[in-house]
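# Overview (structure and organization)
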Amino acid sequence: MDKILLEHRNWIKVVADAAIWSLLTIPAFILRFEFNVGTWLDTMLITAAVLMPFKLFVIIRFGWRSRSWQYSSVTDLLNLFKWLGGFTLIYFMTSLAIRPAFVVPLSVPVIEGMMALIVLGGMRFMARLYFIEYIKPKKVNGEIKRVMIAGAGDAGSMMAREMMRHPESGYKPVVFIDDNPVKWDQKISGIPIAGRTSELCNIAKEYKCDELIIAMPAESGDVIRRVVENARKCKLSHKIIPGLHELISGKVDIKTLRNVDLEDLLRRKPVQLDQVRIEEYVNHRRVMVTGAGGSIGSEIVRQIAKFEPESIVLLGRGENSIHRITREMMQNHPEIKLHIKIADVRDVHTMERIFEEARPEVVFHAAAHKHVPLMEKNPDQAIFNNVGGTRNLVNLSLDYGVKHFVNISTDKAINPTSVMGASKRIAEYVVERGSLQADPDQTFVSVRFGNVLGSRGSVIPIFREQIRKGGPVTVTDPDMVRYFMTIPEASQLVLMAGALRENGAVFVLDMGEPVRILDMARDLIRLSGLEPDKDIRIEITGKRPGEKLYEELLTDEEGTTMSRYEKIMMANRKGLPEHFGQKLNDLFTIAESGDSYSIREMIHRIVPSYSGLPKAESD
């Protein structure tokens, strides 16, 4: 029986709506004549019979049958009001027009319209109430968790409504906490806002909460950290909804809940992108992304896809990573034409063939060797890849009329102590030289930022693996600090910087305050449910060759100029090093010899602030 009702539920709703709405003509007449219909009986029955097919037409034409009663909302009520209002108006005007041939009291259409809104709207909300109170609770398996929600804003209220609509999830919101005193002693969907986040433990005890949901997607890492610490004190399990940059659809639901991660504790205020400016230079354009399979490159591809480019060249050396991003794009954006290229940016002949075939108009250059210790041992490869690959791409972009060229650089390029950092500084010079040779409609820029949380080979995945194995967690120096950014934020700011037509600029992303690596290690251990130096030992291993204790985003000589967008600044340019072209050629010649010291010496001639020469040999 239930199966039959389920299969035919839409037509059952049509019959119910049509029958009840048609019958309402009778009480409308009865009320109009104060229960003394008398001589109006025939008129009443004829009117009800004539209106029935028209009402049925409205119900079917406007899709009433496909609208779920169990999820009825205010929007559904407004739509019902609109349809009934339109029908009542036509009913009223027709009654007026057909007089005196057939007389229907003009108050009857109005009375019937009001009754229909109350009865039909009431049917829907009663169905929803019945479903929530009696049907859904039967589907709940196991215990229902009493939930406290931190954050009584839009995200928090949406999450509470989701939980109430889906009690089968096992969550029941019982209280909000929020640091805004204006919200205290108020209610959202009947749920009280009991106080501030610092009172978390007392409120959790009072309302017998089993779990905390952090619904504060726009807050900084400091605020999230404080809430998490309070939850840990009273041993309250906690989850978080994603940040705003992850909620692309704007929808919050129970499936988005996840455990609090380190990225949440270090999260910055979400970047506000200028969608129009980005769309202007990406929409319907042919785009190339080098290093497209990497952490940054693949995220740039995902962000670009939202702006509907004509095509994207996915270029990289690693076939597995390119295969992964290709499959993802084909699944999520089948409408975008993809050019899959397994190639090395150092191979100028292959790169020229790709430019000839794809004719890119926008290039994002993310391909690079980035591991400091490995490049210290292989300085020639850092030069060939990071400098030579960039030179190939810049020259080809000039030759093939690329409109926007965006080079991904690093904070390690400032006062570099490593070959990797110095190679990226020279790559910035290569891009700047390209900007001087560019046509008026071409823009060549570099974007410089710090460490990216969760990127391949970064410290976070290493720490997680060490914690999984039971430790120790290795930190090179207790005083080492780094700037950090999430992958989506870094990629979005790269897109934004590319929209700023400042030819030759080096854009510097505001990374906020640097974070001590030791503090990060301790946070990650605690987030794993363990205690640092008790459950997991932290071991200080000593600074590796080429590493700095701290990174700089600007040199003292550079300084900055603010751009018109928050979080994006421009380094003041001092021009290219003297005889840069000749020195660059000499650098490649020396790199071919593989002589480590000579390569470093030549780097120092191009970048005088480079301090990576061995002391014994540089004296």
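Residues numbered from 1 in each chain as written. Predicted model: local features only at pLDDT ≥ 70, side-chain atom pairs only at ≥ 80, totals over all residues. Heavy atoms only, no water.

### As for the overall build of the protein
Looking only at helices and strands, the protein features 23 helices and 22 strands. Counting over 619 residues, the protein shows a buried share of 51%. In the protein, 76% of the contacts between residues at least 6 apart in sequence involve partners at least 24 apart. Within the structure as shown, the protein displays about 29,700 Å² of accessible surface, and the carbon and sulfur contribution to it stands at 54%. (Helix = DSSP H or I, 4+ residues; strand = E, 2+ residues; numbered from the N terminus. Buried < 20%, exposed > 50% of the residue type's maximum accessible area, 1.4 Å probe, protein only. Contact = heavy atoms within 4.5 Å. Areas by Shrake-Rupley, 256 points an atom, 1.4 Å probe, with all protein chains shown as cover.)

### Some words on the side chain of Arg-277
Tracing the sequence through the fold places Arg-277 in helix α11 (residues 275–282). Comment: no salt bridge for buried Arg-277; closest opposite-charge side chain is Glu-280, at 4.1 Å. Polar side-chain contacts of Arg-277 include one of 2.8 Å to the backbone oxygen of Ala-499. (Lys, Arg positive; Asp, Glu negative; His and termini not counted. Salt bridge = Lys/Arg side-chain N within 4 Å of Asp/Glu carboxyl O. Polar contact = N/O pair within 3.5 Å; in protein donor to acceptor, adjacent residues only side chain to side chain.)

### Examining the environment of Ser-321
In this structure, Ser-321 sits in helix α13 (residues 319–332). Residue class for Ser-321 comes out buried when judged on its relative accessible area of 12%. Along the backbone, Ser-321 and Gly-291 are 30 residues apart, and their C-alpha atoms lie at a distance of 9.3 Å. A polar side-chain atom of Ser-321 sits 3.0 Å from the main-chain carbonyl oxygen of Gly-318.

### Structural notes on the environment of Phe-580
Within the element layout of this structure, Phe-580 appears in helix α21 (residues 580–593). On the basis of relative accessible area, Phe-580 is assigned to the buried category, the value being 4%. When the C-alpha atoms of Phe-580 and Arg-433 are compared, they prove to be 9.0 Å apart, with 147 residues separating the residues in sequence. Look past the residues within four positions of Phe-580 in its chain and what remains in contact with it is Ile-426, Tyr-429, Val-430, Arg-433 and Ile-606.

### With respect to the pattern of salt bridges
A side chain with one charge may pair with a side chain of the opposite charge, provided their charged atoms come close. By the definition in use, this model includes 21 salt bridges. Residue Arg-302 is joined to Glu-299 by a salt bridge in which the shortest nitrogen-to-oxygen separation is 3.0 Å. Taken together, the residues Arg-302 and Glu-299, both in helix α12 (residues 295–305) and three residues apart, mark about one turn of the helix. Here Arg-302 and Glu-328 are joined by a salt bridge, their closest N and O atoms 2.5 Å apart. One end of the pair, Arg-302, is in helix α12; the other, Glu-328, is in helix α13, with 26 residues separating them in the sequence. Since its relative accessible area comes to 27%, Arg-302 is described here as partly exposed. Among the ionic contacts, a cluster of salt bridges with common partners joins Lys-145, Glu-211 and Lys-239.

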